[in-house]
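Chain residues, written in single-letter form:
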Amino acid sequence: MSSGQGVMKVIVLLAVTLPVLSGHLAGRTIQTKQACQYSILLLSCPPGETLDISFANYGHIGTKNCGSHMPPGGCRAPDSLAIVQGMCQGRRQCYVPASDATFNGNPCHHGYIMKYLEVKYECQGPDPCRPNQHDSIDDIWRSAGHNSTGRAEGELLDDRGLVEGWYRFVSEAGGEMPTSCVPVNSCGTRFPVWMDGTVPTVNQTQSVTGCINQGGCCDDTVNLKVKNCSTFLVYELSSLSAPHHSAYCAGDRVPCPVGQGSPNGGFYPGCTDLFPKLRGAPTLDYHFSQTESYFLCDFDGPTWPNVTWVVEWFLDDTVILTEQMPGWVQTAYLDQADILLNTEVSCQVHGEYDGSNVTTVPDKSDPFFAGIVVGPQDLTVHEDGGPANFTVHSTIALNCDVMIVNNDGYLGRPDVLLDQCSLSFGTGSWGVDNPQTVTVWAIRDFQTDGDQYVQIDVIPSTADCDVPPSGNTQDVLVTTIDQDSSQAHASGDPHYMTYDRRKYDWYGVGDFVLHRSKGRPFEVHSRVWRCWDVSCNCGVAVREGDDVITIDMCDGPFGQTAPAVRLKSQKEPAKGVRVTRGQSGRNFKVSLPSGAEVRTDIFSWGINVHMKVPSDDFRATEGLFGTFDHDSSNDYRTRDGTTSYDPNAFSWSWRIPAGQSLFDSLPDPVDTPGEARTSRYDGSVLCACAADGPNCGDPNTIPTFRNDFDIDITDTLVQRRGRGPRDRRCTGLNRATVKSTLASPAPFPVGVSATWPTPSGITLENATAMCKEAAMTSPAFAACATLSNVDVFSGVEDCVEDINLTDNLVFLQQAAMLMEELCREEALKNVTLYDQQDGNSTALPPAFVGSSLCPGRCSLRGQCVNATCYCDAGYTSSDCSVDMTRPPALVDVRHGRTCDVRSEACDVIGVVGDGFLDSRSLRCHVERTLDTARGRQRATLPATADFMSFREVECTVGEGVLIIDGNPDENTGTPISTITVAISNDGRLNSDVLQVTIYDSYCQECNETGVCRPKENACEIKGFCYPVNGSHPADNARYCNPSVNRSGWTYRPDDLQPMNIVGIAVGTAVGAVVLVLVVVFILKIKKQKRSVSVGFLKEDGVVKQTPP
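Everything numeric in this text was worked out from a predicted model, so none of it was measured.

Visitor: Where do I start with the overall build of the chain in this structure?
Guide: Counting secondary structure elements, the chain contains eleven helices and 69 strands. Within the chain, buried positions represent 50% of all 1108 residues. Excluding contacts between residues fewer than 6 apart, the proportion of contacts in the chain whose partners are at least 24 apart in sequence is 65%. With the model as given, the accessible surface of the chain reaches about 49,800 Å², and the carbon-plus-sulfur share is 50%.

Visitor: How should I be thinking about the sheet that holds strand β26 (residues 400-406) in this particular structure?
Guide: Remark on secondary structure: sheet strands pair via backbone hydrogen bonds, oriented parallel or antiparallel. With mixed pairing, the five strands of this open sheet are ordered in space as β24-β31-β30-β26-β28. In this open sheet, the two edge strands, each paired with only one partner strand, are β24 (378-382) and β28 (422-425). Going from strand to strand, the sheet's axes swing by 25° on average, the running direction of each strand aside. In this sheet, strand β31 (residues 474-481) lies alongside strand β30 (residues 452-465) in antiparallel orientation, the contact comprising seven bridges. The partner of glutamine 452 across the bridge, within β31, is threonine 480.

Visitor: What is the right way to read the packing of helix α6 (residues 764-776) against helix α9 (residues 814-829) from this model?
Guide: Each pair of packed helices gets described by two things: the angle between the helix axes and the distance between those axes. With their axes 7 Å apart at the nearest point, α6 and α9 run at an angle of 45° to one another. Overall, the two elements α6 and α9 adopt an arrangement that is oblique. Handedness of the crossing formed by α6 with α9: right-handed. Contacts from Cys771, Ala774 and Ala775 of α6 reach α9 at Ala815, Ala816 and Met819. Broken down by class, the residue content of the contact of α6 with α9 amounts to six nonpolar, no polar and no charged.

Visitor: It is not clear to me how the state of the cysteines should be interpreted in this structure. Could you clarify?
Guide: Counted under the stated rule, the structure contains 24 disulfides. Across the disulfide from cysteine 129 sits cysteine 229; the S-S distance is 1.9 Å. Taking the sign of the torsion about the S-S bond as the criterion, the disulfide between cysteine 129 and cysteine 229, at about -85°, is left-handed. Placement of the pair is cysteine 129 in the loop between β7 (116-124) and β8 (135-137) and cysteine 229 in the loop between β12 (220-228) and β13 (233-237), with a sequence separation of 100 residues. The exposure class assigned to cysteine 229 is buried, which follows from its relative accessible area of 9%.

Visitor: I tried to follow the sheet that holds strand β19 (residues 331-335) on my own but got confused; where do I start?
Guide: Pairing within the open sheet is antiparallel, and its three strands lie in the order β15-β16-β19. Edge positions in the sheet fall to β15 (283-288) and β19, since each has one partner strand and no second. Taken pair by pair, the neighbouring strands of this sheet meet at an average axis angle of 25°, ignoring direction. Bridge count for β15 against strand β16 (residues 293-298) is six bridges, and the pairing is antiparallel. Note on β16: the bridge partner recorded for histidine 287 is tyrosine 294.

Visitor: Could you clarify how one ought to interpret the packing of α6 against helix α8 (residues 796-806) in this entry?
Guide: Between α6 and α8, the shortest axis-to-axis distance is 9 Å and the interhelical angle comes to 135°. What the angle tells us is that α6 and α8 run oblique. Here the hand of the crossing between α6 and α8 comes out right-handed. Contacts between α6 and α8 involve Leu764, Ala767, Thr768, Cys771 and Lys772 from the first element and Val796, Cys799, Val800 and Ile803 from the second.

Visitor: Could you clarify how one ought to interpret the pattern of salt bridges in this entry?
Guide: Side-chain pairs of opposite charge can arise where the charged atoms are in close proximity. Scanning all chains against the criterion turns up 39 salt bridges. Two residues, aspartate 546 and lysine 571, come together in a salt bridge whose shortest N-O distance is 3.0 Å. Of this pair, aspartate 546 sits in the loop between β37 (534-544) and β38 (547-552) while lysine 571 sits in the loop between β39 (564-567) and β40 (578-582), and the two are 25 residues apart along the sequence. Accessibility expressed as a relative area gives 36% for lysine 571, which makes it partly exposed. Across the salt bridge formed by aspartate 1035 and arginine 1038, the nearest N and O atoms sit 3.0 Å from each other.

Visitor: Help me understand the pairing of β31, please; the structure alone is not making it clear to me.
Guide: On any regular strand, side chains alternate: one points to one face of the sheet, the next to the other face. Within β31, seven of the eight residues are buried, which leaves it mostly tucked inside the rest of the structure. Looking at chain direction, β24 and β31 are connected through five bridges and run parallel. By the bridge assignment, threonine 380 is partnered in β31 with threonine 479.

Visitor: I tried to follow the environment of serine 632 on my own but got confused; where do I start?
Guide: For serine 632, the location among the structural elements is in the loop between β44 (621-622) and α3 (647-652). As a C-alpha pair, serine 632 and tyrosine 499 span 133 residues in sequence and 8.3 Å in three-dimensional space. Apart from the residues within four sequence positions on either side, serine 632 is in contact with Asp500 and Arg502.

Visitor: When you look at α8 in this model, what are you seeing that I'm missing?
Guide: Since the α-helix turns once every 3.6 residues, residues separated by three or four places project in the same direction. For α8, a buried count of nine out of eleven residues is recorded, marking the element as mostly surrounded by other parts of the structure. Listed as buried for α8 are Val796, Asp798, Cys799, Val800, Asp802, Ile803, Asn804, Leu805 and Thr806. The inward-facing, buried residues of α8 contact β33 (495-497), β34 (503-505), β37, α6 and α9. Backbone geometry just downstream of α8 places aspartate 807 in the positive-phi region, at approximately 55°.

The rules behind the values
- Residues numbered from 1 in each chain as written.
- Predicted model: local features only at pLDDT ≥ 70, side-chain atom pairs only at ≥ 80, totals over all residues.
- Heavy atoms only, no water.
- Helix = DSSP H or I, 4+ residues; strand = E, 2+ residues; numbered from the N terminus.
- Buried < 20%, exposed > 50% of the residue type's maximum accessible area, 1.4 Å probe, protein only.
- Contact = heavy atoms within 4.5 Å.
- Areas by Shrake-Rupley, 256 points an atom, 1.4 Å probe, with all protein chains shown as cover.
- Pairing = 2+ DSSP bridges.
- Axes fitted to C-alpha atoms, helices over the stretch in contact; angles between N-to-C directions.
- Parallel < 35°, antiparallel > 145°, perpendicular 65-115°, else oblique.
- Left-handed = near helix turned anticlockwise from the far one by under 90°.
- Nonpolar A, V, L, I, M, F, W, Y, C, P; charged D, E, K, R; others polar.
- Disulfide = S-S within 2.5 Å.
- Salt bridge = Lys/Arg side-chain N within 4 Å of Asp/Glu carboxyl O.

Right, dumping it as structure tokens:
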């Protein structure tokens, strides 16, 4: 499609499809719908009804004006009706593009003519001619030729309790109701019913009168309908209200009396008492064992030796096997291997005399559906609600894989997701007691596309079933109920636009609740700082469930900070949490499991916040972004629930006390039973089950434009979160400065004012012209101007006010940015704008809008072509914002120009500046300067450069910036060094340098400017720092005593030396042990001697007692 056609497409889409009731024809309601060229015409019927197209024309015949007058004689695409019927006839709904491509060319050759498509159709209910839309009545006694006089009361037919519906008479007596009076006591009943009317033509339905003959031929009546199905008739019958047995008549053949039969099917002539007849219809059962599976047909009839029973096996209406057996055999078998899956199996039996062509009337069993059954077959799911389930089971034992395919819905896109796209059945998991459940969710598509109908097919595999599929499938019709979503914005200094499009300004400073959901754990806080004489957002904190993500540039002086993006929660991020940044580093987006999104535009002065909420939050929001309920009058609802008329009072009520926002503390965990869900799909792994294969995990079901959000940094943030506490310097955890700044009340009046002209001389007229020009220079201006719901100058008023209050032109681009945000939202949400090549392709967001939305409007330094910036000479980056003829301009070092190695990660230096480029040539040039005994020494240190944003590059030094650990007897330490950092985008052109002082706080103290001096109460010995009483790393006898010597060791006194004290203690202990052992030994010797002196002596064999 050319760009000109794209523009025209949007113009004509201002005229949406218009249903018009045009008249009645033969009792049918004909509807007319029209759609202008380049739009899509939707034709739909209620569930259970189908389209019947009677007229179609693509061209211009004067019945609608889409911006062009009808050419002389009009113009018509000759195959309009055939094409529309081919796309829509017999379907519940269809989409027909009103385009030349659909109708094989341009039918109007009178210059440029805006054409339109006009279609007339009716919605037809279920067709009673279809086998599953009517019931069969097989009863020969309903024949008008049967006289029921003398039949017992219990044998009379009676339709006074008949269920209303469509019926087909299928007995051999005849399938048509008589159209003339039938005598009383006919048709197997007392009061017969005949049809007073004529049979309609083929495929037509006609209302007729049923006459109940109670003696006067038509004493009472009943309303009937009859439809001619070409080869048979169906009747819509209802229960009768006669005073006695009454029944509908069908056919006119005269049946043989009970107990008799005839060669002509049991009717006169030729009736005889010896005719073999079954005693009731055959019964059909299914049997399964580990060795065989089969169907059993059992029947009961005479066992005469001259009778042969003929059994016919049916699959649906086709005979697949005929077998004969003697009269005494009244059981037949059909092996499961002989059937096809998803067919109705039945057996039909009749008897024959041997040697004769006389046969009984065939009797047929009830059918047995052998295959895969689903239910229920109608489901309804809501975009803002939970899922619905249907079950699948097999009626027979088999091994089979089943595919589940959800057909594409509106504009070729899936409207539902399933928890599985295939099922497996085994021989042990069959029967109604072994169902498998499939869960269906409506896709939250953030689009206004109306309620949709999606058919889910359950298809047995042709390769993985041991019973061959018949090709018949079961299906489920799913109705998806559309629910609305919305977006809100906070931009500039700052200007707010609520979910219901109410605009207001608010200049307070502090932490505020932007959004809070009442029904689930989802909230967003903003941090606002002072900028110029007003205020600007400088941070946003997002929480859903247990996940908290912050984007914060509030941790330093205004204009000298960079955004720090951080996963603050310590748990593993929930499935569906994604943080992405733009290639230029000027945008960040937080995507959440519920489908909610928070997008930010980053500037040196602060951030813009754009927020999208799903339909889950309809009528359930509060905070500065208002109450999402399509009623802007109640958007100023304060924290206590009252509605204010003062935006200042309303906004101030949502200020969060210092230290209590998501920036400073984590909320309580929510993973408790009964907690509201955070995921739009409850965290389930869902699939878009397409015919060409499933797409499971996290299917991309929300259409988007090609944009600048294409670098996923989620995993990087998780890794950075795992760093130790010494990394806090460069990960934005130090909030002390911010708390002291923002915890206080607003330092200036909330209501600010200014006069024209500004101090620099800018007038109101000048500001208005500049802001309008800024909007008009956007590459998207022309495309957005064609969208009826987008005000291309919606940001001009805010832009003018910003200039008035700040006397600064930095906010000029805000006029274009708000327009582009509203344009993007409308183009993605309004599906009538979507492009679709044909009825079988997937519709995509309008390219004429998406192709004009380039990052940062190419910074006015390049051309926007197909959403890509082609930069002017000398400029680069995805948004042409970087001037390659100039080096980056450095502003500051994150968290200051000094770093204590004892408490911070001083090998990681965050450099804040402007003009950084995310490229392979990005370099950090780091030098270290040391003051040594030999003078000042300078050395280049290896360092890597990590692009964080257009405002920050993180330099990681590859070796220690200080030597703080070692033996002063062997080497020399460095208690302080000066690091200089320069940044280059191309590896050649370096920026100016920033200086960082790295020091060891054990013996040095440094102020914010990097001026350091030795601590008086510490020691510096050969470049190593030691606190008071700190010992030599290899000799505890030497220690730091600054009162004695701050540059050398002091020896401990002998009685205080740790080593001597230990030696004395050990020696004393050992000596005591030795002394005890000696004493014990001496005592033992003495005891032995005493024992000898008072004992007995043996002399000459005589024992004598020795004297004491």
